[in-house]
Amino acid sequence: MPTTALLAVVDRDGFVESEHHGVAVLIDPDGAVIESHGDITHAFLARSTLKPLFAATLLEAGLIELEPAHAALASASHWAEQLHLDTASAMAAAHGVDEAALRCPPIKGPDGTKRRFAHMCVGKHIAFAAAARAMGASADYWRDDHPLAAVLRDGLAQAADEPISQLAHDGCGALVFPTTPVGLARAFRRLAPDGTGAHRQVGDAMRAHPALIDGARGPDAVVIGETGCATKFGAEGTLASVAPDGTTVVVKTADGARRAGAPVALALLERAGAIPAGTLERLAEPLGLVQRSADVAVGMLRPVV
């Protein structure tokens with residue numbers, strides 16, 4: 001990565017055991033940068049953090065319609081809980097999508113059976129398959145030259161207000177596109193309750209169905225349910241979160257660790273007054289930030305920005 005800053009540390013009995021470096025940016029509801037740490041203008045792959053923006057792009061293009069639970073699943077990286085499989089099955093049936101036609105690999109579901117519906121990215125893949133059919137395009141929606149690629153790229157570029165000319169390949173088999181941290185923040189800001197059109201629709205779905213986004217006890221579900229911030233992590237240490245007032249934060253760790261994303265984001269949102277003071281402290285336990293010796297708390301993963 002380019003220039004990074006120290007974002008968070010893990011301490012135990014006064015010893016710093018780990019450090020998480022990376023980049024972070026906080027923008028106000030009008031899109032102005034309030035805080036930046038590290039180089040926020042270097043393009044990177046936000047991976048699954050882009051899912052809500054992809055869902056909004058397809059809705060805005062008129063290629064699919066999504067009820068709230070299905071819009072949430074299209075934005076999700078789920079835990080293969082029964083709720084997730086049931087929602088995936090209903091979403092695929094609603095759009096006439098065959099599970100076997102999806103690109104995401106099959107993984108074990110709650111009953112031990114391998115299914116594509118159990119894959120954390122299945123909602124996105126169902127949406128992509130349905131959109132490809134609506135375009136009258138071939139079923140292999142994951143190809144670099146598939147017409148869906150241009151729709152997704154252009155929609156993301158418009159939301160981020162920056163040009164995108166490259167592409168890459170996500171772990172689930174779909175395409176992914178680069179953004180800058182500040183561009184991603186601008187795009188995610190559109191998911192706020194005062195947003196408009198498809199982006200607000202997706203943001204509302206995330207806020208209404210946090211357990212579909214990450215699993216009932218996942219960090220994203222905790223943050224969404226406890227703060228009303230539409231929040232989404234991505235592989236290799238990305239997190240974006242937009243507060244109810246539109247203040248938006250993006251965090252990307254250089255080491256790819258997920259665990260620093262939520263606490264750093266909450267610390268920055270607290271400092272901006274976008275969420276109540278003490279929120280991070282209140283959520284330290286459910287977010288797994290407390291370091292223990294047996295059942296005794298002896299340290300904390302804490303932001304230092």
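Look up a bit, the structure's there.
For the structure given in this document, a descriptive report is provided here. Note that the structure is a prediction, hence the values are computed from the model and not measured.

## Focus on the side chain of Glu35
Next, step 1: Mapped onto the elements, Glu35 comes out in strand E3 (residues 33–37).
Next, step 2: The exposure class assigned to Glu35 is buried, which follows from its relative accessible area of 17%.
Next, step 3: A distance of 2.8 Å separates a polar atom in the side chain of Glu35 from a polar atom in the side chain of Arg271.
Next, step 4: For Glu35, the residues in contact, after removing those within four places along its chain, are Ala24, Val25, Leu26, Leu268 and Arg271.

## Describing helix H6 (residues 181–189)
Next, step 1: Burial of H6 is extensive: 8 of the 9 residues sit out of reach of the surface.
Next, step 2: Residues of H6 that are buried: Pro181, Val182, Gly183, Leu184, Ala185, Ala187, Phe188 and Arg189.

## Notes on the pattern of salt bridges
Next, step 1: For the coordinates displayed, the defined rule picks out 17 salt bridges.
Next, step 2: Ionic pairing is found between Arg115 and Glu99, a salt bridge with its closest N-O pair at 2.7 Å. Taken together, the positions of Arg115 in strand E6 (residues 114–115) and Glu99 in the loop between helix H3 (82–95) and strand E5 (107–108) put the pair 16 residues apart, joining distant regions of the chain.
Next, step 3: Owing to a relative accessible area of 17%, Glu99 belongs among the buried residues under this scheme.

## Things to note about helix H9 (residues 219–227)
Next, step 1: Inspection of H9 places Asp220, Ala221, Val222, Val223, Ile224 and Thr227 among the buried residues, and these make up the whole buried set.
Next, step 2: Looking at the packing, one finds that the buried side of H9 touches helix H7 (197–208), helix H8 (210–214), strand E10 (230–234), strand E11 (238–242), helix H10 (261–271) and helix H11 (279–283).

## As for unusual backbone geometry
Next, step 1: One non-glycine residue, Arg47, lies in the positive phi region at around 55°.
Next, step 2: On the secondary structure map, Arg47 appears in the loop between strand E4 (44–45) and helix H1 (51–60).
Next, step 3: Although it is not a glycine, Asp161 adopts a positive phi angle of roughly 60°.
Next, step 4: Inspection of the secondary structure assignment puts Asp161 in the loop between helix H5 (147–160) and strand E7 (168–169).

## Digging into the nonpolar core
Next, step 1: Counting residues in hydrophobic clusters, the biggest one holds 72 residues, and the most contacted among them are Leu58, Leu102, Ile126 and Leu184.
Next, step 2: Residues in contact with Leu184, not counting those within four places in the same chain, are Phe44, Ala46, Thr49, Leu50, Leu53, Thr179, Thr238, Ala240 and Val250.
Next, step 3: Of all hydrophobic cores here, the second largest spans 31 residues; its members include Ala8, Ala243, Leu266 and Ala284.

## Some remarks on the pairing of strand E1 (residues 5–12)
Next, step 1: Taking burial as the measure, the 8 residues of E1 include 6 buried ones, the bulk of the element.
Next, step 2: As judged from the 7 bridges shared by E1 and strand E2 (residues 15–27), these two strands associate in the antiparallel manner. Residue pairing in the sheet places Val10 in a bridge with Ser18 of E2.
Next, step 3: Connecting the antiparallel pair E1 and E2 is a turn made up of 2 residues, with Asp13 showing a positive phi of about 50°.
Next, step 4: Bridge count for E1 against strand E14 (residues 296–303) is 5 bridges, and the pairing is antiparallel. In the strand pairing of E14, Asp11 is matched with Met300.

Calculation criteria
In this numbering scheme, every chain counts its residues from 1 along its sequence in written order. Per-residue local features are limited, in this predicted model, to residues with pLDDT of at least 70; the limit for side-chain atom pairs, both in listing and counting, is 80 or more; totals at the level of whole chains, interfaces and linings are taken over all residues. Note: side-chain values were computed over all heavy atoms of the structure, leaving out hydrogens and water. Runs of H or I in DSSP of at least four residues are treated as helices and runs of E of at least two as strands, each being numbered from the N terminus. Between buried and exposed lies partly exposed: a residue is buried under 20% and exposed over 50% of the maximum accessible area for its type, with that area taken using a 1.4 Å probe on protein chains only. For the purposes of these results, a polar contact is taken to be a pair of N or O atoms within 3.5 Å, where, inside protein, one atom must be able to donate a hydrogen and its partner to accept one; residues adjacent in sequence count only when each atom of the pair is a side-chain atom. The contact definition used throughout considers only heavy atoms, calling two residues in contact when any of these lie within 4.5 Å. Salt bridge, as applied in this entry: a Lys or Arg side-chain nitrogen positioned within 4 Å of an Asp or Glu carboxyl oxygen. Joining through side-chain atoms within 4.5 Å is the link that ties buried Ala, Val, Leu, Ile, Met, Phe, Trp, Tyr and Cys residues into a set, and such a set is a nonpolar core. Pairing between two strands requires that DSSP report at least two bridges joining them.

The values are spatial; any link to function lies outside them.
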